[in-house]
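Okay, here's what each chain looks like letter by letter:
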Amino acid sequence: MAEFSCIWSAPNDGQWEYVLRRRQEFVDNWRGIIGAAEGTVTTCESVTQGVHSFLRSLPEGKLKGKRVLVAANCFPSVHFLLAGLADKIGFTLDTVPLSAGKSWVETSDVIESWQSDVGFALITWISSTTSARCDLDALLAHGRDMGSLIGVDITQGAGLLPFDVSTPRVDMSVSTSLKWMCGTPGAGMLYVDPQIIPRMRPEVRGWFSQDNPFSWGLDKFAYAGDIRRFDNGTPGSVAAMASLPALKWHAAQDHTALATENRRLVDEIIAKADAIALPLNSPRDACQRGGSVMLQLSDQAEAEAIVAALKVEGYSVDFRGSILRMSPGYISHEDAIGPLFDVIVETINDRRKPSGRRAHVTL
């Protein structure tokens, strides 16, 4: 960012070559992460914006009278978007409820709800509140049989678990550069399948939507033949540039080793939680789980107290309601897990004293 500030403030006209080159580096790094071909990935501000851009680019009437399918454990922001677009576009939003006795939606329940009248399905690869991972291959195979357009939100797994947009093929995919990518807010990614790009007509278009941004004839506009048609006005590039160091670091790592270490740390967290009878709010089977693990506390106040106590000791975790969320990442170490649970136990004991006496939880 210091380099950017220096170049941007220089009294010359060399800024844009630098900025656009750095933005392209960001795009190319993301292409490598998801196995995408050239001309299929662009930047967006957020997952929500990326989904909006895709849906508002579809041919007129494509979703009219159809259902749009999403699971109840999707990222809430996307659900807010879809609910608002339903009347405008003319589709019915169908939200698959949480599966019986579960805090997440099982793949089988999504498939049961997914019939041939589903025009578009947005799959949440990994839930942000339970770390439950869907059976993506099964969902994509079923969706192809139903003739639906399929999008996948990969934010909670991108960079940690393998994902390829072509095996099996998806129509669109979105992510931010947060979570396992260690990037900045505002550095989103939108992928669109090259087979459908020519039929897309983005509603928001501008000079960067063209093959030649400097083609300024007011009656000569033509969409670029690739993903650039999803660009519009002058592209915001600062968030992409600020995320580049993280993406470059990630590209140089042994990704299998990163995932293996994460699994080992999650297993240790689950073992510690089991030892104090703290309920697991994530799938126990690692094949059905992302890289995070969620624990069920008695109420939100207890979750807040634990997060605050851990912060004092230098541990960063968060909560959603009464759910404690832990994501052992690239800077996490096994020797931190024991002391972390010592703080959890102490906080729980302090809060659960009946009539002034401790209700002991022990490791």
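Worth saying up front: this structure is predicted, and the values here are computed from it rather than measured.

### Quick word on the UniProt feature "domain: Aminotransferase class V" (unreviewed entry) in the protein
UniProt records the feature "domain: Aminotransferase class V" (unreviewed entry) for residues 32–314 in the present numbering. Across residues 32–314, helical content stands at 33% and strand content at 14%; the span's end C-alpha atoms are separated by 34 Å.

### Digging into the packing of helix α8 (residues 255–275) against helix α10 (residues 337–351)
As a packed pair, α8 and α10 sit with axes 11 Å apart at the nearest point and diverge in direction by 35 degrees. The handedness of the crossing between α8 and α10 is right-handed. For the pair α8 and α10, contact is made by L265, E268, I269, K272 and A273 and by I337, G338 and F341, respectively. Along the lines of polarity and charge, the residues of the contact of α8 with α10 split into 5 nonpolar, 1 polar and 2 charged.

### With respect to the nonpolar core
Counting residues in each nonpolar core, the largest one holds 39 residues, and the members touching the most others are W30, I34, W114, I123, W125 and I154. For this core, the secondary structure elements donating two or more residues are α2 (15–34), β2 (67–71), β4 (118–124), α6 (136–146), β5 (149–153), β7 (188–192) and α7 (238–251). At 4 residues, the largest contribution of residues to this core is made by α2. Apart from residues no more than four positions distant in its own chain, I34 is found in contact with V41, I154, F163, D164, V165, M189 and Y191. In this structure, V78, F91, V192 and I196 belong to the second largest nonpolar core, which totals 29 residues.

### With respect to the packing of aromatic side chains
For the structure shown, the criterion picks out 11 aromatic pairs. Centroid distance F54 to F120: 5.7 Å. Interplanar angle 35 degrees. Geometry classified as tilted. Linking F54 in helix α3 (residues 47–55) with F120 in strand β4, this pair joins segments that are 66 residues apart in sequence. Each of the two residues, F54 as well as F120, counts as buried. Among the aromatic residues, those joined into a ring-pair cluster are W207, F208, F214 and W216.

About the thresholds
- Residues numbered from 1 in each chain as written.
- Predicted model: local features only at pLDDT ≥ 70, side-chain atom pairs only at ≥ 80, totals over all residues.
- Heavy atoms only, no water.
- UniProt positions renumbered as here; feature names shortened; annotations may be inferred.
- Helix = DSSP H or I, 4+ residues; strand = E, 2+ residues; numbered from the N terminus.
- Axes fitted to C-alpha atoms, helices over the stretch in contact; angles between N-to-C directions.
- Left-handed = near helix turned anticlockwise from the far one by under 90°.
- Contact = heavy atoms within 4.5 Å.
- Nonpolar A, V, L, I, M, F, W, Y, C, P; charged D, E, K, R; others polar.
- Core = buried A, V, L, I, M, F, W, Y, C linked by side-chain atoms within 4.5 Å.
- Buried < 20%, exposed > 50% of the residue type's maximum accessible area, 1.4 Å probe, protein only.
- Phe/Tyr/Trp six-rings, centres within 6.5 Å; stacked < 30°, edge-to-face > 60°.

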